[in-house]
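These are the residues of each chain, in order.
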Amino acid sequence: MGKDFKAIIVSINIDYILKNITKAPKRCARNLIELGLATTLKDNLKLQKELLYNNLMTLLEHSNLLEIKNWFFRTFF
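S.K.: Please set out helix 4 (residues 65–76) residue by residue, giving values where relevant.
M.R.: Between the first and last C-alpha of helix 4 there are 17 Å, a value that for 12 residues agrees with the 16 Å anticipated at 1.5 Å per step. Of all the positions in helix 4, only Ile-68, Lys-69, Trp-71, Phe-72, Thr-75 and Phe-76 are classed as buried. In a view along the axis of helix 4, the buried residues occupy a sector of 160°, so they form one face of it. In this structure, helix 4 carries Leu-66 and Arg-74 as exposed residues pointing more than 90 degrees from its buried face. On its buried face, helix 4 sits against helix 1 (2–18), helix 2 (25–39) and helix 3 (49–62). Of the residues that open helix 4, the one with a side-chain oxygen 3.0 Å from the backbone nitrogen of Leu-66 is Asn-64.

Shown next as structure tokens:
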């Protein structure tokens, strides 16, 4: 149950961050990466911050919100 609750809280935060996707996509990407790194148990991701940022910027430019959320959960959970 703890993991489900965490996923719900993170999902709400993602929705909040993605509200600014058109105004400030770079800030949106930085905030999502910081949220992901703060909530993940995968230590190796911290070393790949630049790669994650570049992948997310591509998604923000060419994908819909559901695809972005799916990428986030696949990457950080």
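S.K.: Report on the pattern of salt bridges, specifying residues and quantitative values.
M.R.: Proximity of charged atoms lets side chains of opposite charge pair with each other. Applying the stated criterion to the full structure yields 2 salt bridges. Lys-69 is paired through a salt bridge with Asp-15; the nearest N and O atoms lie 2.9 Å apart. A residue pair is termed long-range when its members are at least 10 positions apart, and Lys-69 in helix 4 and Asp-15 in helix 1 qualify at 54 residues. What makes Lys-69 buried here is its relative accessible area of 16%.

S.K.: Kindly report on the nonpolar core, identifying the contributing residues and their values.
M.R.: In this structure, Leu-18, Leu-32, Leu-56, Leu-60, Ile-68, Trp-71 and Phe-76 are the most contacted members of the largest nonpolar core, which totals 22 residues. For this core, the elements supplying multiple residues, two or more each, are helix 1, helix 2, helix 3 and helix 4.

S.K.: So what's going on with the packing of aromatic side chains? Residues and values would help.
M.R.: Following the criterion strictly, the structure yields 4 aromatic pairs and no others. Summarising the aromatic geometry, the rings of Phe-72 and Phe-76 are spaced 4.9 Å apart at their centres and angled 45° between planes, so their arrangement reads as tilted. Highlighted residues: Phe-72 and Phe-76, both in helix 4, separated by 4 residues, approximately one helical turn. A single burial state applies to Phe-72 and to Phe-76, both of which are buried. Aromatic pair Phe-73 and Phe-77: ring centres 5.0 Å apart, planes at 55°, arrangement tilted. The exposure class assigned to Phe-73 is partly exposed, which follows from its relative accessible area of 23%. Taken together, the ring pairs in this structure connect Trp-71, Phe-72, Phe-73, Phe-76 and Phe-77 into an aromatic cluster.

What counts and how
- Numbers given to residues run from 1 along each chain, matching the order in which its sequence is written.
- Given that the model is predicted, a residue must reach a pLDDT of at least 70 before its local features are reported, and side-chain atom pairs must reach 80 or more before they are shown or counted; all residues, however, enter totals for whole chains, interfaces and linings.
- Side-chain figures throughout are based on the complete set of non-hydrogen atoms in the structure, without hydrogens or water.
- By the criteria applied, helices consist of DSSP H or I runs no shorter than four residues and strands consist of E runs no shorter than two, each listed in order from the N terminus.
- Expected span, for any helix, means 1.5 Å times one less than how many residues it has.
- Each residue's exposure class comes from its accessible area (1.4 Å probe, protein chains only) as a fraction of the maximum for that residue type: buried when under 20%, exposed when over 50%, partly exposed otherwise.
- Comment: arc refers to directions from the helix axis out to C-beta atoms.
- Throughout, a residue-residue contact means that at least one pair of heavy atoms, one from each residue, lies within 4.5 Å.
- Pairing of N or O atoms within 3.5 Å defines a polar contact, subject to two protein rules: one partner must be a possible hydrogen donor and the other a possible acceptor, and residues neighboring in sequence count only if both atoms are side-chain atoms.
- A carboxyl oxygen of Asp or Glu within 4 Å of a side-chain nitrogen of Lys or Arg is what we treat as a salt bridge.
- In these notes, a set of buried Ala, Val, Leu, Ile, Met, Phe, Trp, Tyr and Cys residues joined through side-chain atoms within 4.5 Å is what counts as a nonpolar core.
- Each Phe, Tyr or Trp ring, with Trp reduced to its six-membered ring, pairs with another whose centre is within 6.5 Å; inter-plane angles below 30 degrees give stacked pairs, above 60 give edge-to-face pairs, and intermediate values give tilted ones.

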